[in-house]
Amino acid sequence: MTCPELSQALVLVNPGNPSGSVAERELVEELETLCHDAGIWLISDEAYEHFLYNSVAHYSPSLYPNQVINIFTMSKSYALAGWRVGYISYPKILSDSMLKVCYRIEL
């Protein structure tokens, strides 16, 4: 598996919506390694992490924490209909950039 040359990030939506499919740990680790080797970000959208069926386990990327941005929401998990409440976990190196984005989002 390879990334196109101009890639800057790979977005993983896990678990998937609306299917509820969950990427196996091996696949997530393979994608992490791919991103690490290519020098690109892995953006992991985990909005549906609490919607698991048939005893399937969810695995959050963590092999290379300095290249992973994790996105979570409380709106889905806690049934906050109409609210957009969430949080992002990211490496410290991105703090200044993330704060710039945060201050520019109008509520």
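Higher on the page you've got the structure.
Quick look at the structure, then. (Residues numbered from 1 in each chain as written. Predicted model: local features only at pLDDT ≥ 70, side-chain atom pairs only at ≥ 80, totals over all residues. Heavy atoms only, no water.)

**Focus: helix H1 (residues 25-38)**
- Between its terminal C-alpha atoms H1 stretches 20 Å, which fits the 20 Å expected from 14 residues at 1.5 Å a residue.
- Among the residues of H1, Val28, Leu31, Glu32, Leu34 and Cys35 are the ones counted as buried. For H1, the angular spread of buried residues about the axis comes to 160°, placing them on one side. Opposite the buried face of H1, at more than 90 degrees from it, the exposed residues are Glu26 and Asp37.
- On its buried face, H1 is in contact with strand E1 (9-13), strand E2 (41-45) and strand E3 (68-73).
- In the stretch just after H1, glycine 39 is the one whose phi turns positive, near 70°. (Helix = DSSP H or I, 4+ residues; strand = E, 2+ residues; numbered from the N terminus. Expected span 1.5 Å × (residues − 1). Buried < 20%, exposed > 50% of the residue type's maximum accessible area, 1.4 Å probe, protein only. Arc of directions from axis to C-beta. Contact = heavy atoms within 4.5 Å.)

**Structural notes on the sheet that holds E1**
- Read from one edge to the other, the open sheet built from 4 strands follows the order E1-E2-E3-E4, with strand pairing classed as mixed. For this open sheet the edge positions go to E1 and strand E4 (86-89), each flanked by a neighbour on one side alone. Ignoring strand direction, the axes of neighbouring strands in this sheet form an average angle of 15°.
- Judged from the 5 bridges that link them, E1 and E2 form a sheet pairing that is parallel. Across the sheet, the residue bridging to valine 11 is isoleucine 43, located in E2.
- Across the face of the sheet, H1 comes into contact with E1, E2 and E3 while running at roughly 165° to E1. (Pairing = 2+ DSSP bridges. Axes fitted to C-alpha atoms, helices over the stretch in contact; angles between N-to-C directions.)

**Section: unusual backbone geometry**
- The omega torsion across asparagine 14 and proline 15 is 0°, close enough to zero to call that bond cis.
- Within the secondary structure, proline 15 is located in the loop between E1 and H1.
- With a phi close to 60°, serine 55 is a non-glycine residue in the positive phi region.
- Residue position: serine 55 is located in the loop between E2 and E3.
- The phi dihedral of alanine 79 falls on the positive side, at around 50°, and the residue is not glycine.
- Position of alanine 79 among the secondary structure elements: in the loop between E3 and E4.

**Overview of the environment of proline 61**
- Inspection of the secondary structure assignment puts proline 61 in the loop between E2 and E3.
- Sequence separation between proline 61 and arginine 25 is 36 residues, and the spatial gap between their C-alpha atoms is 8.6 Å.

**Here we look at the packing of aromatic side chains**
- Tallying each qualifying case throughout the model produces 2 aromatic pairs.
- Between phenylalanine 72 and tyrosine 87, the aromatic rings sit 4.9 Å apart at their centres with planes inclined by 20°, giving stacked as the arrangement. Within this pair, whereas phenylalanine 72 is found in strand E3, its partner tyrosine 87 is found in strand E4, the two being separated by 15 residues in sequence.
- The buried category is assigned to phenylalanine 72, whose relative accessible area is 12%.
- Look at tyrosine 87 and you get partly exposed, because its relative accessible area is 42%. (Phe/Tyr/Trp six-rings, centres within 6.5 Å; stacked < 30°, edge-to-face > 60°.)

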